Amino acid sequence: MSGDDNPLFQLFWTFALISLFAVGGAVAAIPELHRVAVDVRHWMTDKQFADAFALSQLSPGPNVLIVALIGYSVAGVGGAAAATIAMCGPTAILSYVVSRWLANARDLRWPAMLQAALVPLSIGLMAASTWVLGVASDQTWRAFALTVMAAVVASLTRLNPLWLLAAGGCLGFAGLL
Amino acid sequence: MTSEIAPAASSAADIAKTPPSLRTLFFAFAKMSLSGFGGVLVFARRAIVDEHRWMTAEEFNETFALCHFLPGPNIVNLAMVFGARLRGIPGGIAAFAGLLVPPMLLITALAALYDRAGQADTLRQGLAGVSCAAVGLLASVVFRMMSPLLKKGDVVGLVVMAGVFVAIGLVRLPLQEVLLAAVPLSLAVTYAKTYAKTRWAR
């Protein structure tokens, strides 16, 4: 598979495989996306990955669209489409099959135990995402201070997150970071 | 048709009787997706439960819980399962496409712009500022999700969480290997805990 030269196939297999292990959603898969795209395949630099994350947060739609940006950097528009379909298609089909199966066995309640077991895992994965993206983004102490400020404000207030992103963008634009 | 006139109370009787057309599904999901800055879930709940009354709040939570604990992007799974519930597999595809295609075109256009202008220093600096703030937002989500574990004093949960963080974030082990070890382990420990509790209760 990895020996295949066609970048679209490479993208497809890579993301389809990652998606099947993406417990806790797209954000929890970020460390693995970073590991594969930056460290293993060398599709992007650390900085480009951080920029892709910023772009995916700035634009509307599901967070999973960061894979479209990774795909685009490898193979243009076709790469973006291949990456998105690979990351979303197989698991959507799996969800459909499982939901049908559960609907047929209605008395079988969704086990709370599975939830209790998986929640700590997905929090650990999201904490790892924060760490990986933080290492890529916070190159100066001022940048780090901005991250801490944003975390505090977002935790203590119900301010729309877009304002924080915009404030970060303005500070960066003004060359203050 | 009472749902047209009835006020915001959402009981099972209020749920729309006729399933929406494929077109309606596509555009409804496109709309939620394009208004969803920083996550689509809130908008999906509002549109599906409050605006269109396609599901009760309880059904929505149940469907979301299912999609949350299956692998893959949750909201995309939800669109597929939900669309298929209303209109069969074509409905699932319509919702899936509505959710993904319009924002994907938008983000691809942004990517093209970035390729052209990404070398401009001011733009790069602006984007760097955005990503710093976005990391902070992510940290706040992690704190919020962690607080129930801390409040309950769930030591096992916290240890599992810390273990995954170290393995994936610091050591940078492959996700597959970590999960193949961590999921069975976490399940076994949770099972043992519930079993011990019920035995004590007797």
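Residues numbered from 1 in each chain as written. Chains lettered and ligands numbered in written order. Predicted model: local features only at pLDDT ≥ 70, side-chain atom pairs only at ≥ 80, totals over all residues.

Asker: Tell me about the overall build of chain B, and please be specific about residues and values.
Answerer: A count of helical and extended segments in chain B gives eight helices and zero strands. Reading the helices (α) and strands (β) of chain B from amino to carboxyl end gives α-α-α-α-α-α-α-α. For chain B, the residues scored as buried account for 40% of the 202 residues in total. For chain B, long-range pairs separated by at least 24 residues make up 50% of all intrachain contacts whose partners lie at least 6 apart in sequence. (Helix = DSSP H or I, 4+ residues; strand = E, 2+ residues; numbered from the N terminus. Buried ≥ 20, exposed ≤ 12 C-beta atoms within 10 Å, placed from the backbone. Contact = placed C-beta atoms within 7 Å.)

Asker: Which residues make up the overall build of chain A, and what are the values?
Answerer: Across its full length, chain A carries seven helices and zero strands. Beginning at the N terminus, the succession of helices and strands in chain A can be written as α-α-α-α-α-α-α. With the C-alpha coordinates aligned to their principal axes, the bounding extent of chain A is approximately 55 × 45 × 25 Å. Counting every position in chain A, which comprises 177 residues, the buried fraction comes to 55%. Counting only contacts in chain A whose residues sit at least 6 apart along the sequence, the fraction spanning at least 24 positions is 59%.

Asker: Explain the domain arrangement of chain B to me, using residue names and the numbers behind them.
Answerer: Where the parts come together, the accessible area they lose is often given as the size of the interface. Domain annotation for chain B reports domain 1 (1-117), domain 2 (120-152) and domain 3 (154-202). Placing the centre of domain 2 of chain B and that of domain 3 of chain B at their C-alpha centroids yields a distance of 25 Å. (Domains from an automatic or database assignment.)

Asker: So what's going on with the confidence of the model for chain B? Which residues, and what values?
Answerer: All names here are of chain B. Mean pLDDT for chain B: 85, with 89% of residues reaching 70 or above. Below pLDDT 50 for its whole length, residues 1-10 participates in eleven contacts with residues either more than four positions away or in separate chains. Quick note on the complex model: pTM equals 0.84, ipTM equals 0.86. (pLDDT = per-residue confidence, 0-100.)

Asker: Let's hear about the packing of helix H3 (residues 46-58) of chain A against helix H6 (residues 121-152) of chain B: which residues, and what values?
Answerer: Axis separation between H3 of chain A and H6 of chain B bottoms out at 8 Å; the angle between their running directions is 75 degrees. In terms of their interaxial angle, H3 of chain A and H6 of chain B are classed as roughly perpendicular. Contacts from Ala50, Asp51, Phe53, Ala54, Gln57 and Leu58 of chain A in H3 of chain A reach Leu127, Val130, Ser131 and Ala134 of chain B in H6 of chain B. Here the residues of the contact of H3 of chain A with H6 of chain B are counted per class, giving seven nonpolar, two polar and one charged. (Axes fitted to C-alpha atoms, helices over the stretch in contact; angles between N-to-C directions. Parallel < 35°, antiparallel > 145°, perpendicular 65-115°, else oblique. Nonpolar A, V, L, I, M, F, W, Y, C, P; charged D, E, K, R; others polar.)

Asker: Outline the nonpolar core, supporting the account with residue identities and numerical values.
Answerer: Membership of the largest hydrophobic core comes to 118 residues, with the highest contact counts inside it found for Val67, Ile70 and Ala83 of chain A together with Val76, Ala79, Leu138 and Val164 of chain B. It is helix H5 (residues 74-117) of chain B that provides the largest number of residues to this core, a total of 18 residues. (Core = buried A, V, L, I, M, F, W, Y, C linked by C-beta atoms within 7 Å.)

Asker: Mind laying out the packing of helix H2 (residues 22-35) of chain B against H5 of chain B, listing which residues take part and the relevant values?
Answerer: A pair of packed helices is characterised by two quantities: the angle between their axes and the separation of those axes. All names here are of chain B. Following both chains from N to C, one finds H2 and H5 inclined at 45 degrees, their axes separated by 7 Å at the closest point. On the basis of their axis angle, the class for H2 and H5 is oblique. Of the two possible hands of crossing, H2 and H5 adopt the one that is right-handed. Here the contact of H2 with H5 is composed, by residue class, of 17 nonpolar, four polar and one charged. (Left-handed = near helix turned anticlockwise from the far one by under 90°.)

Asker: I'd like a rundown of the environment of isoleucine 30 of chain A, residues and numbers included.
Answerer: Tracing the chain through its elements places isoleucine 30 of chain A in helix H2 (residues 30-40). Among the residues examined, isoleucine 30 of chain A registers 24 C-beta atoms within 10 Å and is labelled buried.

Asker: Before we move on, can you summarise the interface of chain B and chain A with the specific residues and values?
Answerer: Each side of the interface is counted separately: chain B has 80 residues, and chain A has 88 residues. Looking at the side of chain B that touches chain A, the elements that each hand over two or more residues are H2, helix H4 (57-68), H5, H6, helix H7 (155-170) and helix H8 (175-201) of chain B. The dominant element in the side of chain B that touches chain A, judged by the number of residues it contributes, is H6 of chain B, at 24 residues. Of the residues belonging to the side of chain B that touches chain A, the class tally is 54 nonpolar, 24 polar and two charged.

Asker: Residue-level account of the environment of leucine 86 of chain B, with values.
Answerer: Residue and element names in this part refer to chain B. By secondary structure assignment, the location of leucine 86 is in helix H5. Overall, leucine 86 belongs to the buried group, with 21 C-beta atoms counted inside 10 Å. A sequence separation of 31 residues divides leucine 86 from methionine 55, and the C-alpha atoms of the two residues are 9.8 Å apart. Excluding its chain neighbours within four sequence positions, the residues that come into contact with leucine 86 are Pro19, Pro20, Leu25, Trp54 and Gly91.

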